[in-house]
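Architecture at a glance
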Amino acid sequence: MRVALVTGGTAGIGAATAQALQDAGYRVAATYGSNSDAANRFSKQTGIPVFAWNVADFGACREGVARVEAQTGPVDVLVNNAGITRDAMLHKMSDEQWREVIDINLGGCFNMCRAVIEGMRERRFGRIVSMGSVNGLSGQVGQSNYAATKAALIGFSKSLALESASRNITVNVIAPGYTDTAMVGAVPPDVLATILKTVPVGRLATPAEIARAVVFLASEDAGFITGITLSINGGKYMP
Ligand SMILES: NC(=O)c1ccc[n+]([C@@H]2O[C@H](COP(=O)([O-])OP(=O)(O)OC[C@H]3O[C@@H](n4cnc5c(N)ncnc54)[C@H](OP(=O)(O)O)[C@@H]3O)[C@@H](O)[C@H]2O)c1
């Protein structure tokens, strides 16, 4: 049984992904940052074990992956899903808002990939899928920090894809559009209504619609797909 590890896998897109991978026959582990009530509820509902650590912390990622692997066996599929927003116009953005987003969204991806890549190379199999964003492709007002991290994931993933292809490891990005999760729940309703007018499909994505694409990219069938960014945005932006 293949093992999948989903960061931020206890809420929103990550929870839907962890569930979809379990439904597809994977042994799944999910990580979270600090909301242990939500994580424990999710674990109780699904039977998926949950682990808490900050993906921005290099050492914690190494130790965390070791703890997961002791319970599940080696990680075959890594989904870098944990991410945050700290929106502000650049002329009002604090150093802390910049750094937090860079450290979690981009640093977290490096830390987690670094923790699993040697094992994947030795075993000559791996699937890495990282959660980008439509706003990393199009840019967005108030999100220079967030968009920078999501765009950077693409260059990172293309490079790692080139380094890893000969070892049967694929590395891809999914760039969701606006999806019905707590992250979007934090957007003021009037702003969200304006955003929805720019989505040709006329609605938010469901987390399950993003999760299905992760399951596909994680599969054996997707072995020839590497270094791509798959947009799932209801037609909002066509790169
Ligand atoms: N929702 C959208 O419209 C949308 C669109 C495009 C891209 N995305 C991307 O999709 C991903 C998931 O988004 P979402 O809306 O599902 O988010 P969400 O509902 O806010 O869930 C985020 C998850 O990440 C975890 N997390 C946050 N910071 C962490 C940290 N430092 N270390 C470990 N885990 C951490 C959270 O755990 P705790 O709750 O315990 O902190 C939670 O499990 C993100 O990368 C986001 O940028 C979302």
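Our subject in this report is the structure included herewith. (Residues numbered from 1 in each chain as written. Predicted model: local features only at pLDDT ≥ 70, side-chain atom pairs only at ≥ 80, totals over all residues. Heavy atoms only, no water.)

On to the site of the ligand, then. What surrounds the ligand is a group of 29 residues, the closest being Asn35, Asn81, Tyr146, Thr179 and Thr181. Taking Val55, its main chain carries an N or O atom lying 3.1 Å from a nitrogen atom of the ligand. In isolation the ligand has 900 Å² of accessible area, and contact with the protein removes 89% of it. When residues of the shell around the ligand are traced back to their parent elements, those giving at least two are α1 (12-23), α6 (144-164) and α7 (182-185). Class assignment of the residues belonging to the shell around the ligand gives a composition of 14 nonpolar, 14 polar and 1 charged. (Near = heavy atom within 4 Å. Polar contact = N/O pair within 3.5 Å; in protein donor to acceptor, adjacent residues only side chain to side chain. Areas by Shrake-Rupley, 256 points an atom, 1.4 Å probe, with all protein chains shown as cover. Helix = DSSP H or I, 4+ residues; strand = E, 2+ residues; numbered from the N terminus. Nonpolar A, V, L, I, M, F, W, Y, C, P; charged D, E, K, R; others polar.)

This part takes up the pairing of strand β1 (residues 3-6). Consecutive side chains along a regular strand alternate between the two faces of the sheet. Side chains Val3 and Leu5 project from β1 onto one buried face, and the interleaved Ala4 and Val6 project onto a second face that is buried too. Sheet topology places β1 next to strand β2 (residues 27-32); 4 bridges connect them, and they run parallel. Considered in β2, the bridge of Ala4 is made with Val28. Once you follow β1 into α1 and on to β2, the crossover reads as right-handed. (Buried < 20%, exposed > 50% of the residue type's maximum accessible area, 1.4 Å probe, protein only. Pairing = 2+ DSSP bridges. Right-handed = clockwise from strand over helix to strand, strands pointing away.)

Counting 29 residues, the largest nonpolar core has Leu5, Trp53, Val65, Leu78, Met112, Met120 and Ile128 as the members making the most contacts within it. Listed by contribution, the elements that provide at least two residues to this core are β1, α3 (58-72), α4 (95-123), α6 and β6 (169-176). What Leu78 contacts, discounting residues up to four positions off in sequence, is Leu5, Thr7, Met112, Cys113, Val116, Met120, Arg127, Ile128 and Val129. Listed in part, the 27 residues of the second largest apolar core include Ile13, Ala15, Leu21 and Val79. (Core = buried A, V, L, I, M, F, W, Y, C linked by side-chain atoms within 4.5 Å. Contact = heavy atoms within 4.5 Å.)

Turning our attention to α3. The terminal C-alpha atoms of α3, which comprises 15 residues, lie 21 Å apart, in line with the 21 Å expected from a rise of 1.5 Å per residue. Buried residues belonging to α3 abut β1, β2, β3 (50-52) and α4. Backbone geometry just after α3 places Gly73 at a positive phi near 95 degrees. (Expected span 1.5 Å × (residues − 1).)

Once that is clear, we can look at the side chain of Gln143. For Gln143, the position within the fold is in the loop between α5 (134-138) and α6. Beyond its immediate chain neighbours, meaning those up to four positions away, Gln143 contacts Thr85, Asp87, Ala88, Asn135 and Ala148.

Take unusual backbone geometry next. Phi is positive for Arg124, close to 55 degrees, though the residue is something other than glycine. Here Arg124 lies in the loop between α4 and β5 (126-131). Relative accessible area serves as the criterion here: at 47%, Arg124 is assigned to the partly exposed category. Phi at Asn168 is positive, roughly 65 degrees, even though this residue is not glycine. Note on placement: Asn168 falls in the loop between α6 and β6. Under the relative-accessibility criterion, Asn168 is labelled partly exposed at 37%.

When the terminal C-alpha atoms of α4 are compared, their 41 Å separation across 29 residues agrees well with the 42 Å that a helix rising 1.5 Å per residue should span. The largest bend in α4 is about 40 degrees, located at Gly107. Where α4 terminates, the next one or two residues include Arg124, which has phi positive at roughly 55 degrees. (Bend = angle between axes of the 7 residues up to and from the residue.)

Overall, the coordinates contain 7 salt bridges when judged by the stated rule. Across the pair Glu100 and Arg86 runs a salt bridge, and its minimum N-O distance is 3.1 Å. Here Glu100, found in helix α4, pairs with Arg86, found in the loop between β4 (77-80) and α4; they are 14 residues apart in sequence, far enough to count as distant. Residue Glu100 is classed as partly exposed on the basis of its relative accessible area of 27%. For the salt bridge of Arg203 with Glu209, the shortest nitrogen-to-oxygen distance reads 2.8 Å. It is possible to trace a salt-bridge network through shared partners that takes in Arg2, Asp76 and Glu220. (Salt bridge = Lys/Arg side-chain N within 4 Å of Asp/Glu carboxyl O.)

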